[in-house]
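Spelled out, the chains give:
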Amino acid sequence: MIADKYFNDFEGTVDYLKQVPYDVTRRELYSAAELYKGYDMDDALSMATCHDTLVYQHYMNTGKQANSVNESLARTLHDHGMHQALDRFFDSHSPIRCIGIMGGHALRRTDKMFRDIALISKHLTERDFYMLSGGGPGAMEATHFGAWMAGRSSEEFMEALDMLLPAPCYQDSGWLESAFRVMTRYPQQRHDSLGIPTWLYGHEPTTPFATHIAKFFENSIREDSILTLAFGGIIYTPGSAGTLQEIFQDAVQNHYLSFGFSSPMVFLGKAFWTEEVPIYPFLQDMVSRGRYKNLLLTLTDDEDEAIEALERFQRIKRED
């Protein structure tokens, strides 16, 4: 009887895993074309039935905290596959050349900081770094937009940016359409960038400018992965609670040399990080009192200075 019940439960689990709208056996990173399969730039209503939306709807219907063992298992298997896919990605991409950019999801395309982030990302990508972000809108989109435009002229960059401006916020009609139209006009086949979004924030669309996408159900695992994988350093741009959490998580990893060394922490926006949200003087004070050790801190408004801090770290690692 016990064996029969176990077998019946097992069969039910297998059936459930086959019926979820995502592939629990997937071992490859997503592309934007796969996540947005079914989306048509000329039909705004098609967003409601594309693959990413269907998975998000299922996620919400079955609970942010999975409402059944079968659903929990399905999500765990999927996320495990994403980790395996990330491992393979880094088999062909040097971790030390991976640069993260963190910042607010609400940053508008019309904001000067959006352009600044995109230009830094573009120039770093052209220096054979590759960019990493949380894969969503705002500062995250700026990161991947810049990487996507690597190798293009300043005129092409500005023309592409102008194409995005009519829909400045991810909640605006045309936000996703304009991104795909830029990608169509300026195809990218040379430079990679990595986005790591989550269905926990599935109401925020994943930026299609990321050439490789590891989308997770479990946000805590996803957050840790972003900070862990940016071995080349992280640029912090103005943000709110999520960005602050990332700063302190990163500081802990660097303090304890969790991966054998400390990576640069570059803060872009002097007024923001010293006055509006005075995290930088706090970290300096903690370092001076020995509460934090091994932190490689830079505060700047200058793109070249931010890039030089990251390049300097690369030179130090080569000497090691």
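The rules behind these values
- Residues numbered from 1 in each chain as written.
- Predicted model: local features only at pLDDT ≥ 70, side-chain atom pairs only at ≥ 80, totals over all residues.
- Heavy atoms only, no water.
- Helix = DSSP H or I, 4+ residues; strand = E, 2+ residues; numbered from the N terminus.
- Rg over C-alpha atoms; globule rule 2.2 N^0.38 Å.
- Contact = heavy atoms within 4.5 Å.
- Areas by Shrake-Rupley, 256 points an atom, 1.4 Å probe, with all protein chains shown as cover.
- Lys, Arg positive; Asp, Glu negative; His and termini not counted.
- Charge placed at Lys NZ, Arg CZ, Asp CG, Glu CD.
- Pairing = 2+ DSSP bridges.
- Axes fitted to C-alpha atoms, helices over the stretch in contact; angles between N-to-C directions.
- Buried < 20%, exposed > 50% of the residue type's maximum accessible area, 1.4 Å probe, protein only.
- Arc of directions from axis to C-beta.
- 1 Å grid on protein atoms, 1.4 Å probe; cavity = no way out; pocket = protein on both sides within 12 Å on 5 of 7 lines; lining within 4 Å.
- Points joined across faces, edges and corners; volume = space filled by probe spheres on them.
- Nonpolar A, V, L, I, M, F, W, Y, C, P; charged D, E, K, R; others polar.
- Salt bridge = Lys/Arg side-chain N within 4 Å of Asp/Glu carboxyl O.

Novice: Give me the overall build of the chain: which residues, what numbers.
Specialist: The number of helices and strands found in the chain is 13 helices and seven strands. The C-alpha atoms of the chain give a radius of gyration of 21 Å, which matches the 20 Å a tight globule of 320 residues would have. Seen through its principal axes, the chain has C-alpha atoms that stretch 65 × 50 × 35 Å. Within the chain, residue pairs in contact and separated by at least 24 positions form 73% of the contacts whose partners lie at least 6 positions apart. For the chain, the exposed surface amounts to about 14,900 Å²; the carbon and sulfur share of it is 52%. If the 29 positive side-chain charges of the chain are averaged to one point and the 45 negative ones to another, these points end up 3 Å apart.

Novice: Tell me about the sheet that holds strand β5 (residues 234–236), and name the residues and values.
Specialist: With respect to topology, seven strands assemble into an open sheet ordered β4-β3-β2-β1-β5-β6-β7, the strand pairing being parallel. At either margin of the open sheet sits one strand with a lone partner, and together these are β4 (212–213) and β7 (296–300). Note that β5 and strand β6 (residues 264–268) share three bridges and pair parallel. Residue pairing for β6: Y236 is matched across the bridge by F267. In the packing of helix α12 (residues 279–288) onto the sheet, contacts are made with β6 and β7, and the angle to β7 comes to roughly 150°.

Novice: How would you summarise helix α7 (residues 154–164) if you had to cite specific residues and measurements?
Specialist: F157, A160, L161 and L164 are the residues of α7 that are buried. Down the axis of α7, the smallest arc covering the buried residues is 100°, so these residues share one side. Buried residues along α7 sit in contact with α5 (112–126), α6 (139–148) and α8 (175–185).

Novice: Which residues make up the layout of surface pockets, and what values do they have?
Specialist: For the largest pocket, the calculated volume is near 390 Å³. H105, M140, Y201, R222 and E223 are, among the 22 residues lining the largest pocket, the residues nearest its centre. Listing elements by their share of the lining of the largest pocket, those giving two or more residues are α9 (219–229) and α10 (241–255). Here the element with the most residues in the lining of the largest pocket is α10; it accounts for five residues. Of the residues contributing to the lining of the largest pocket, the split by class is six nonpolar, 12 polar and four charged. Estimates place the volume of the second largest pocket at around 340 Å³. Breaking the lining of the second largest pocket down by element, the ones donating at least two residues are α3 (51–61) and α8. Class assignment of the residues belonging to the lining of the second largest pocket gives a composition of nine nonpolar, six polar and three charged.

Novice: Go over unusual backbone geometry with me, naming the residues and quoting the values.
Specialist: We note that L257 has phi near 50°; this positive angle belongs to a residue other than glycine. Looking at the element boundaries, L257 is found in the loop between α10 and β6.

Novice: Lay out the pattern of salt bridges in plain terms, naming residues and giving numbers.
Specialist: Going through the model one piece at a time under the given rule, you end up with 17 salt bridges. As a salt-bridge pair, D52 and K215 come within 3.0 Å of each other at their nearest N and O atoms. On the criterion of sequence distance, the pair formed by D52 in helix α3 and K215 in the loop between β4 and α9 is long-range, its members being 163 residues apart. Notably, a salt bridge pairs R185 with E159, separated by 2.6 Å at the nearest N-O pair. In this pair, R185 sits in helix α8 while E159 sits in helix α7, placing the two residues 26 residues apart along the sequence. According to the relative accessible area criterion, E159 is partly exposed, its value standing at 33%. Look at the salt bridges and you will find they share partners, linking D42, E177 and R181 into a network.

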